[in-house]
Structures are given as C-alpha cells and as structure tokens.
Amino acid sequence: MTQGFAPEQIVDAYAAYAKSFWMRNGDDTTLAKNLARWLEGGEGGLSAYSDEPIPPDLLDANGEPLDMAGLAQADPDFAKMWRKVETRRSVIRSQLAMGGTLPPEEKVLAACEEDGPYKRYLAACEDRHDRYLKIFDLFRGPSAQAELEELRQAAAGGGFDPYGRRITA
C-alpha cells in the first residue's frame, strides 16, 4: 500500500489523519488506527489523506529513472507541468525568431534562463522530478525495503500518533 509514496507524504498524511481524528473525537482514542493499520487500511487510510503516489516503476528501457521529458510521457500529471515548460520555451523561441531566422538553441536556452515564468515552471518540474528520483532510490534496493519494514514494525509497536498520544486501536 505504501509503495509509490515518498516518506514525507506518509508522515504528512498520518499527521493530517491524526489531526482530523482528534478534531472529530477529542481525546477518545478507542477507535483510532495505529500507523500499521492506517497504512494497510483502505477507507480513511493513507490514500485518503495523501496526494497521489508517483509510481516507482516508471523506468526507462535499461531500468533507470526517466529524465523529465520521459517522465512527462509516462505520467499524465507531470505532463501537464512539463507542457508549460515546453510551451514557454516555444514562445521565447518565436520571439527570438521575429527577425525571420531561427535562433541557435544556445540563445534560446540563455533567454529561458532570464524568463521568470519559464524559471517558475521549470522549478516546479524539477521539484516533482526530484521527488520521483527519491522514490526510485527508496524502492530500489532490498535494504530500503528492510528499513521500511523495520520502521513500520517500530511504529506499530510504539502505537503513538504524531502528537505523542498513545493509540490503542
């Protein structure tokens, strides 16, 4: 169930669940889900309190992570963001070509580095791509899987919510 979610997404989602539960139930924790049950649960669990996962199995033909253009082809949500980058680059290229000749790509890239909207769009794509790479690294090796299971067991055994209160369910 947790596959495809960044650790930050899981922590933030569990904190949102705990706050929501506390607002509805106060200090009565008899029906609260501990972290292990919450991760495995469907309704009211991780998927209900988090953003959509970034699938960690989006790889190139060699089993390596995709670059931003490749990720745009594989992930529809990322594609929307990437289209803004490409569209803005095309607008800048068109503005530079007003004289009738196509500018060299180096000149287009230099103009993009100076363009505010382009830089914002690219920064958003880079942030999302970095999260994708973190997920790729997280789920890549068996040691990462063992660490996740160890954390899961520790959380289930401890039974504390993000506010330090003991969860009994």
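Residues numbered from 1 in each chain as written. Predicted model: local features only at pLDDT ≥ 70, side-chain atom pairs only at ≥ 80, totals over all residues. Heavy atoms only, no water.

**Q** Got a sec to walk through the overall build of the chain? Specific residues and values, please.
**A** For the chain, the helix and strand inventory stands at 8 helices and 0 strands. Beginning at the N terminus, the succession of helices and strands in the chain can be written as α-α-α-α-α-α-α-α. Considering the chain as a whole, with its 169 residues, one finds that 33% of them fall into the buried category. By sequence separation, contacts in the chain at least 24 residues apart represent 64% of the contacts at least 6 residues apart. (Helix = DSSP H or I, 4+ residues; strand = E, 2+ residues; numbered from the N terminus. Buried < 20%, exposed > 50% of the residue type's maximum accessible area, 1.4 Å probe, protein only. Contact = heavy atoms within 4.5 Å.)

**Q** So, helix H5 (residues 76–96): which residues are in play, and what are the values?
**A** For H5, spanning 21 residues, the distance from its first C-alpha to its last is 30 Å, which sits close to the expected 30 Å at 1.5 Å a residue. Among the residues of H5, those classed as buried are Phe78, Ala79, Trp82, Val85, Arg89 and Ile92. Between a side-chain oxygen at the N-terminus of H5 and the backbone nitrogen of Asp77 the separation is 3.1 Å; the capping residue is Asp75. (Expected span 1.5 Å × (residues − 1). Polar contact = N/O pair within 3.5 Å; in protein donor to acceptor, adjacent residues only side chain to side chain.)

**Q** Would you mind going over the packing of aromatic side chains in detail, with residue names and values included?
**A** By convention here, two paired aromatic rings are described through the distance between centres and the angle between planes. Scanning the entire structure with this criterion turns up 1 aromatic pair. Pairing Phe78 with Trp82 gives two aromatic rings, centres 6.3 Å apart and planes at 15°, and the pair type is stacked. Taken together, the residues span about one helical turn, with Phe78 and Trp82 both in helix H5 at a distance of 4 residues. With a relative accessible area of 0%, Phe78 lands in the buried category. (Phe/Tyr/Trp six-rings, centres within 6.5 Å; stacked < 30°, edge-to-face > 60°.)

**Q** Tell me about the packing of H5 against helix H6 (residues 105–114), residues and numbers included.
**A** The interhelical angle for the contact between H5 and H6, taken along N-to-C directions, is 120°, at an axis separation of 10 Å. Our pair here, H5 against H6, has a crossing hand that is right-handed. Residues Arg89, Ile92, Arg93 and Leu96 of H5 touch H6, and the partners they reach there are Glu105, Lys107, Val108, Leu109, Ala111 and Cys112. In terms of residue class, the contact of H5 with H6 is made up of 6 nonpolar, no polar and 4 charged. (Axes fitted to C-alpha atoms, helices over the stretch in contact; angles between N-to-C directions. Left-handed = near helix turned anticlockwise from the far one by under 90°. Nonpolar A, V, L, I, M, F, W, Y, C, P; charged D, E, K, R; others polar.)

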